[in-house]
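Structural characterization, general
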Amino acid sequence: MVALALTPATAHAFCGFYVAGSGQQLINDATQVVLMRMGTRTVLSMQNNYKGPPEAFAMVIPVPVVLHEGDVKTLPKDVFAHVEQMGAPRLVEYWEQDPCAPPMPPPEMSVAMAAPTGATGMVVAKADLGVKVEARFNVGEYQIVILSAKDSTGLETWLHEQSYNIPQGAEPLLRPYVEAGEKFFVAKVDPTKVTFEDGRAALSPLRFHYDADEFSLPIRLGLANSSGTQDLIVNILAPQQRYEVANYDNVTIPTNLDVAPSVKDKFGAFYAALFDATLEKHQGAIVTEYAWQATTCDPCPGPALDPSEFQTLGADVLAGAAGHALRYDGEDFVLTRLHARYGKDVKNDLVFRQAPPIVGGREFVQSGGQLEQGARPDAVNNFQGRYAIRHPWTGPITCENPHRGIWGGPTDNSQIATGPQAATNLAFAPRGSVQLATSVPKGIPELGIGGGAVAPQDHAPASADPSYTPAKPSKSGCGCDGGEGGAGSLLVLVLGGLVLVRRRS
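Quick notes on the state of the cysteines
Under the criterion given, the structure shown has 2 disulfides. Note that Cys100 is cross-linked by a disulfide to Cys399, the S-S spacing being 2.1 Å. Judged by the torsion about the S-S bond (-85°), the Cys100/Cys399 disulfide is left-handed. Assessed through its relative accessible area of 27%, Cys399 is described here as partly exposed. Here Cys297 is linked by a disulfide to Cys300, with a sulfur-sulfur distance of 2.1 Å. Judged by the sign of its S-S torsion, about 130°, the cystine formed by Cys297 and Cys300 is right-handed. Judged by its relative accessible area of 31%, Cys300 is partly exposed.

Here it is, written out as structure tokens:
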């Protein structure tokens with residue numbers, strides 16, 4: 001569950017799994033992990049877009065139990081991109097409708113209600129090192145062994161002897177997992193079974209499952225070769241249940257912000273700035289970016305997950321776990337997306353707990369005519385990071401009592417509507433190119449950011465009804481008070497259960 005990438009020359013941290021090299025530079029720059037959880041069963045799926053010689057690739061991941069061949073399988077890649085798109089922050093665009101048109105009844109909110117409910121020999125690898133090979137098997141292009149260890153120094157030595165180029169100083173980070181009785185999932189690649197795409201080894205995503213009372217994600221082991229700050233994105237799919245962290249503060253991302261039209265061409269950079277500012281305000285907190293029924297979305301930057309994708313990600317082995325029934329169409333599932341940033345001073349692994357439903361980030365006008373702001377408790381999960389470009393009415397206003405602030409699609413043929421835009425691949429979003437004070441005209445009060453000057457087209461024309469006042473952002477009613485930003489790109493790396501991203505200078 002933990003992942004760490006490395007080479008002898010240039011190491012990239014993966015929060016607990018090692019990618020070992022043979023002296024050549026390795027780059028693992030787009031790893032994504034999805035967790036499924038029900039009862040005591042966890043299904044972990046991870047994708048590795050790896051660039052380098054296949055014989056130099058390896059993973060070392062602490063796991064709570066001995067895994068066998070039937071617990072591990074390879075997956076198609078498309079499902080990971082789909083999960084990212086579903087939970088990513090999204091940008092929408094609205095046009096103010098004719099204020100003199102006959103008023104239409106307000107549309108009903110579309111709310112998704114939660115549905116009612118190989119060879120496995122016990123071979124001693126090195127008796128003097130206290131390392132035992134508990135299982136050995138092949139899955140796809142991967143050659144997998146499951147290890148147990150009595151001593152962290154012995155384990156470190158064994159990994160070196162087996163040509164895993166782990167970084168110096170790994171032993172203290174291995175120690176707590178060895179002392180806790182964790183096993184170690186170790187995977188290498190058979191070079192004869194690998195194909196290449198654009199110079200990258202097209203490695204299959206891996207999935208495995210296990211049962212454990214605690215739902216957690218180790219992150220400390222990956223710090224062995226980390227040289228700076230890391231971002232992590234955790235996607236959790238669970239029947240009727242949102243998750244948050246139990247041992248860090250939680251906060252929801254500011255949402256339902258109206259942004260300047262200029263954000264349309266640099267939405268990823270805008271969201272990166274917003275996330276950085278959120279962590280400056282709530283240092284050390286874990287940010288909830290999405291919590292929604294996984295079979296629907298509004299607005300949807302793409303189709304919702306379909307039944308076959310839930311099966312692919314682990315619904316097949318969740319069924320019947322701990323006596324639970326499961327709807328294979330995915331109707332029960334909630335997708336939670338958590339985003340964290342941490343450095344070498346991190347002390348604890350991530351421990352997850354069940355959390356009550358929240359809503360927010362919808363085009364939902366509350367009493368008093370204001371758009372809902374932040375997150376608030378509710379009976380269902382309908383929360384998302386959502387940002388809107390609004391084009392005020394610029395045509396004539398000839399009626400005596402105009403109705404302002406009614407938003408919809410383009411009002412004439414010169415306006416072009418694009419679908420909701422998802423901020424994906426945030427690891428590579430540029431930092432420093434967007435200023436929040438000028439990108440959010442009304443400011444972000446919950447972050448202490450005031451609005452700034454905006455382009456003239458961001459304002460309603462002089463002929464507009466002077467009594468019209470757009471909804472004002474208000475402080476989120478949900479989330480707890482407790483990164484750092486910086487220039488440079490980010491490198492996506494894995495963390496056995498989450499997407500890990502390391503900032504590169």
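Comments concerning the sheet that holds strand β17 (residues 242–245)
With respect to topology, 3 strands assemble into an open sheet ordered β15-β22-β17, the strand pairing being antiparallel. Bordering the open sheet on either side are β15 (216–217) and β17, each of which pairs with just one other strand. Here β17 pairs with strand β22 (residues 350–355) via 4 bridges, running antiparallel. Pairing of Tyr243 across the sheet is with Gln354, part of β22.

Quick word on the nonpolar core
Residues Val72, Ile144, Phe185, Phe208 and Phe352 are the most contacted members of the largest nonpolar core, which totals 42 residues. The element that contributes the greatest number of residues to this core is strand β16 (residues 230–239), accounting for 4 residues. In contact with Val72, other than residues within four places in its own chain, are Leu67, Phe137, Val139, Ile144, Phe185, Leu206, Arg207 and Phe208. By size, the runner-up hydrophobic cluster in this structure holds 32 residues, among which are Val259, Phe270, Leu279 and Ile358.

A closer look at the confidence of the model for the protein chain
Of all residues in the protein chain, 72% have pLDDT values of 70 or greater, and the mean over the chain is 76. Across residues 109–127, where pLDDT falls below 50, the model places 52 contacts with residues more than four positions away in sequence or in other chains.

Some points on the pattern of salt bridges
Per the counting criterion, the structure on display carries 17 salt bridges. Its salt-bridge partner being Arg337, residue Glu289 comes within 2.6 Å of it at the nearest N-O pair. Here Glu289 is found in strand β20 (residues 286–293), whereas its partner Arg337 is found in strand β21 (residues 333–342), with 48 residues between them in sequence. Salt bridges sharing partners connect three or more residues here, namely Asp258, Glu363, Arg386, Arg390 and Lys442.

A closer look at the environment of Gly408
By the element assignment, Gly408 lies in strand β27 (residues 407–408). The contacts of Gly408, once residues within four sequence positions are left out, are Glu93, Tyr94, Trp95 and Gln97.

Some details on empty space enclosed by the protein
Reported here for the largest cavity is a volume of approximately 50 Å³. Lining the largest cavity are Leu91, Val92, Glu93, Lys264, Ile389, Thr418, Gly419 and Gln421. Counting residues per element, the lining of the largest cavity draws most heavily on strand β7 (residues 90–96), at 3 residues. Partitioned by chemical class, the residues of the lining of the largest cavity number 3 nonpolar, 3 polar and 2 charged.

Some points on the environment of Gly405
Within the secondary structure layout, Gly405 lies in the loop between β26 (386–391) and β27. For the pair Gly405 and Gly369, spaced 36 residues apart in sequence, the C-alpha to C-alpha distance is 9.3 Å.

A short note on unusual backbone geometry
Residue Pro299 follows Asp298 across a cis peptide bond; omega there is 0°. With respect to the secondary-structure elements, Pro299 resides in the loop between β20 and α5 (307–318). Positive phi values are uncommon outside glycine, yet Gln240 reaches one of about 60°. Tracing the chain through its elements places Gln240 in the loop between β16 and β17.

Basis of the calculations
- Residues numbered from 1 in each chain as written.
- Predicted model: local features only at pLDDT ≥ 70, side-chain atom pairs only at ≥ 80, totals over all residues.
- Heavy atoms only, no water.
- Disulfide = S-S within 2.5 Å.
- Buried < 20%, exposed > 50% of the residue type's maximum accessible area, 1.4 Å probe, protein only.
- Pairing = 2+ DSSP bridges.
- Helix = DSSP H or I, 4+ residues; strand = E, 2+ residues; numbered from the N terminus.
- Core = buried A, V, L, I, M, F, W, Y, C linked by side-chain atoms within 4.5 Å.
- Contact = heavy atoms within 4.5 Å.
- pLDDT = per-residue confidence, 0-100.
- Salt bridge = Lys/Arg side-chain N within 4 Å of Asp/Glu carboxyl O.
- 1 Å grid on protein atoms, 1.4 Å probe; cavity = no way out; pocket = protein on both sides within 12 Å on 5 of 7 lines; lining within 4 Å.
- Points joined across faces, edges and corners; volume = space filled by probe spheres on them.
- Nonpolar A, V, L, I, M, F, W, Y, C, P; charged D, E, K, R; others polar.

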